[in-house]
Every structure is written in structure tokens, then in C-alpha cells.
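# A look at the structure
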Amino acid sequence: MDLNRFSQQITDAAGDTTRSIPPVDKWDPEFCGNMNMTIKLDGSWHYEDSPIGRQSLVRLFSSVIKKEDENYFLVTPVEKLGITVEDVPFLVTQWEEDDDSIVFTTNVGDRFTLSSNHPLELREPPQALGAPDSTPIPYVCVRTNLWARINQNVYYQLVEHAERRHKNGRQQLFVTSEYEPFVIGELPE
């Protein structure tokens, strides 16, 4: 697979090189095989076992990622290539409060507001993260069927910002965005 050719197909399909997300959910090309590309646990993208150093190329590829069942693909209108994702394709690396909303930014520049359209859920972490006792950690939906793990430093900042409530014999930590509470962790009472 020629990365330059694939990159040009994405640019041509999107119409320009800005950060707009192409309509990958509407594209259903034939499967062309697997590509030796991996999104590592730390959010870095690798091609042929080497890190992709150009952030603009990573951002371009991240705009055409698609998940079907448990498999990830990079798609253009004419090609569909399987890739490996060790956990989820994105990491939330920044957050900010904007009025009554929490706005997240991912490692590839996606910005979105925590809301019912971009919900947060607690999941068991991958074993490679080494979370104690499989303590659930927060993930948030970035776009259709594509999730981001909230990076540890962002998580600790959210914990400092969180409120507490008691529910079902547990103490829950939650943040509010768009007037909706989102549980970011639970503590035994």
C-alpha cells in the first residue's frame, strides 16, 4: 500500500485538506486487504512498525477511520483497508469548561462537547494499562462507533472537578456537561 496514493484519495474525496470529517459512514467500498498500520495503546500511529512522524498525515488518516463490528478500517470511496487498533483509536488529551459544558480535545485534534451525542462510559481497561484490580476507566464517544480513552492526566483533572453522590451502595464521582451528569468513577463506601 502506497501511503501517498491513499493520502491523495482521502484529500480528493474530502475536497480539501482542512479538518472536516468525510462521510465515511456512507462509503462502502470493497475490502482491499489489511494494511500494516497500528494505532498503539499510547495513541501513536505506526506504519510498517515505524511511527508516523507527520501529525498532518495522522490527522488525515484519523478522519477516515471506521469501525465495523470489532474491526477498524481506513476507507476512501474506492478502498477499504484493515488496520490494527490496540485499544481505541483516540485519546482525550485536553479538556476545558465552556459555560455549562465540558469540551474535550483528542490527540488528533477532534474537539467535541461531552453530551448525549458524545456520551461517556466506564469500561474495563486493557491489561497493558496495568490499572489496579481492573478498575473501570472513562471512555467517551468521539463520533459514530469511535471512542477515545480519557488520558490519565485529564482524568485526574476531572476527578478534582467532580462532584460526589451516593448510589447503589457506592460513591460516584461525576461531572456535569450540558446539564447532564456523567459518572467518571466509583468508590466503595
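Everything quoted here is computed from the prediction, not taken from an experiment.

The rules behind each value
Residues numbered from 1 in each chain as written. Predicted model: local features only at pLDDT ≥ 70, side-chain atom pairs only at ≥ 80, totals over all residues. Heavy atoms only, no water. Helix = DSSP H or I, 4+ residues; strand = E, 2+ residues; numbered from the N terminus. Buried < 20%, exposed > 50% of the residue type's maximum accessible area, 1.4 Å probe, protein only. Contact = heavy atoms within 4.5 Å. Polar contact = N/O pair within 3.5 Å; in protein donor to acceptor, adjacent residues only side chain to side chain. Core = buried A, V, L, I, M, F, W, Y, C linked by side-chain atoms within 4.5 Å. Domains from an automatic or database assignment. Salt bridge = Lys/Arg side-chain N within 4 Å of Asp/Glu carboxyl O. Pairing = 2+ DSSP bridges. Arc of directions from axis to C-beta. Phe/Tyr/Trp six-rings, centres within 6.5 Å; stacked < 30°, edge-to-face > 60°. Lys NZ or Arg CZ within 6 Å of the ring centre and 35° of its normal.

Now for the overall build of the chain. Each helix and strand counted, the chain has three helices and 15 strands in total. Classification of the 189 residues of the chain by burial places 48% in the buried group.

This paragraph deals with the environment of tyrosine 139. Counting through the fold element by element, tyrosine 139 comes out in strand β11 (residues 137-143). Given a relative accessible area of 1%, tyrosine 139 falls into the buried group. Considered as a pair, tyrosine 139 and phenylalanine 90 are 49 residues apart in the sequence and their alpha carbons are 9.7 Å apart. Apart from the residues within four sequence positions on either side, tyrosine 139 is in contact with Asp87, Val88, Pro119, Leu120, Glu121, Arg123, Glu124, Pro125, Pro126, Trp147, Ala148 and Arg149. Among the polar contacts made by the side chain of tyrosine 139, one reaches the side chain of aspartate 87 at a distance of 2.9 Å.

Our next topic: the nonpolar core. Taken as a class, soluble globular proteins show a tendency for nonpolar side chains to be buried jointly. By size, the foremost hydrophobic cluster in this structure holds 43 residues, and its most contacted members are Trp45 and Phe104. Two domains each donate at least three residues to this core, and these are domain 1 (3-85) and domain 2 (90-188). By size, the runner-up hydrophobic cluster in this structure holds five residues, among which are Val88, Ile137, Cys141 and Trp147.

Moving on to the pattern of salt bridges. Applying the stated criterion to the full structure yields nine salt bridges. Between glutamate 121 and arginine 123 there is a salt bridge; the shortest N-O distance is 2.7 Å. Residue arginine 123 is classed as partly exposed on the basis of its relative accessible area, which comes to 24%.

The two faces of the sheet receive side chains in turn, since in a regular strand these alternate between them. For strand β14 (residues 170-177) and strand β15 (residues 180-188), the ladder comprises eight bridges, and the chain directions are antiparallel. Of the residues in β15, the one forming a bridge with glutamine 171 is leucine 187. Linking two consecutive strands that pair antiparallel, namely β14 and β15, is a turn of two residues; a positive phi of about 55° is found at glutamate 178 within it.

This part covers helix α3 (residues 152-161). Among all positions of α3, only Val154, Tyr155 and Leu158 are buried. The arc that holds the buried residues of α3, viewed along the axis, is 100°, so those residues lie on one side. In α3, the exposed positions angled more than 90 degrees off the buried face are occupied by Gln152 and Glu160. Its buried side turned inward, α3 meets β7 (90-98), β8 (101-106), β11, β12 (146-150), β14 and β15.

Before going further, it helps to examine the packing of aromatic side chains. Ring pairs (aromatic) are described by centroid distance and by the angle formed between their planes. Enumeration according to the criterion identifies three aromatic pairs in this entry. Consider the rings of tyrosine 155 and tyrosine 156, whose centres lie 6.0 Å apart with planes at 50°: the pair is tilted. Over the ring of phenylalanine 73 we find lysine 80, and its NZ or CZ is 4.7 Å from the ring centre. Directly above the ring of tyrosine 139 sits arginine 123, whose terminal nitrogen or CZ lies 4.9 Å from the centroid.

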